[in-house]
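# Summary of the model geometry
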Amino acid sequence: MLKSLFVLPILLLSILSPQQPPATSTPSSIPVEAARMVNPVRPTPESQAHAKKMYGYDCAMCHGANGNGKGELVADMKLVLKDYTDPEALKGLSDGELFYIIKNGKGQMSGEGDRARPEDLWNMVILVRSFAKR
Ligand code: HEC
């Protein structure tokens, strides 16, 4: 009840001022401090195997089992995905940016949020980058 007293004015504000991005949308720009974060994780065969498993459940249906961007949802959802087997694909993005997108989502992708531990997400960043090396 008390919570809705706070939410209502914010809701009204965002309806009344069209220039403001809606508060609930996934972020389109990544905070500088998030982009600069350095991957604290040292991958082990076990942690990468775990990341691979998570990837199979949560990511492969869009990004493809080997990261080529040809997952089974691509046609239905009209997704435009990068091919991570191409070393150029992720060149312009820092580890921090990849972490942020995997956690928070972007555009048609919903993020892992708090479902995964940060170290699992950092391992996911390493896995996603490794698709270009196979
Ligand atoms: C519903 C389909 C879908 C799923 C599931 C999904 N993604 Fe994405 N992903 C996308 C789309 C679409 C983009 C491009 C978003 C944009 O730029 O608007 C994207 C972007 C990314 C990016 C940023 C680099 C790029 O390609 O532009 C990374 C990294 C990424 N996804 C990794 C993952 C990982 C890891 C998972 C699983 C934890 C995952 N994605 C699950 C659809 C998906």
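Everything discussed here concerns the structure shown above.
In this report, we go over the structure that sits alongside the text. Bear in mind that the values here come from a model prediction, so they are computed numbers and not experimental data. (Residues numbered from 1 in each chain as written. Predicted model: local features only at pLDDT ≥ 70, side-chain atom pairs only at ≥ 80, totals over all residues. Heavy atoms only, no water.)

This part covers the site of the ligand. Close to the ligand lie 22 residues, the nearest being Cys59, Cys62, His63, Tyr84 and Met109. In this structure, an oxygen atom belonging to the ligand sits 3.4 Å away from a side-chain N or O atom of Lys82. Going through the elements one at a time, helix H4 (60-63), helix H6 (95-104) and helix H7 (118-130) are the ones with two or more residues in the shell around the ligand. Classifying every residue of the shell around the ligand by side-chain character gives 15 nonpolar, 3 polar and 4 charged. (Near = heavy atom within 4 Å. Polar contact = N/O pair within 3.5 Å; in protein donor to acceptor, adjacent residues only side chain to side chain. Helix = DSSP H or I, 4+ residues; strand = E, 2+ residues; numbered from the N terminus. Nonpolar A, V, L, I, M, F, W, Y, C, P; charged D, E, K, R; others polar.)

Turning next to unusual backbone geometry. One non-glycine residue, Lys78, lies in positive phi territory at about 50°. Among the secondary structure elements, Lys78 is positioned in the loop between helix H5 (74-77) and H6.

Our focus in this paragraph is the packing of aromatic side chains. Inspection of every chain in the model, using the stated rule, returns 2 aromatic pairs. Here the aromatic rings of Phe99 and Trp122 are separated by 4.1 Å at their centres, their planes lie at 20°, and the arrangement is stacked. Here Phe99, found in helix H6, pairs with Trp122, found in helix H7; they are 23 residues apart in sequence, far enough to count as distant. Look at Phe99 and you get buried, because its relative accessible area is 9%. What makes Trp122 buried here is its relative accessible area of 3%. (Phe/Tyr/Trp six-rings, centres within 6.5 Å; stacked < 30°, edge-to-face > 60°. Buried < 20%, exposed > 50% of the residue type's maximum accessible area, 1.4 Å probe, protein only.)

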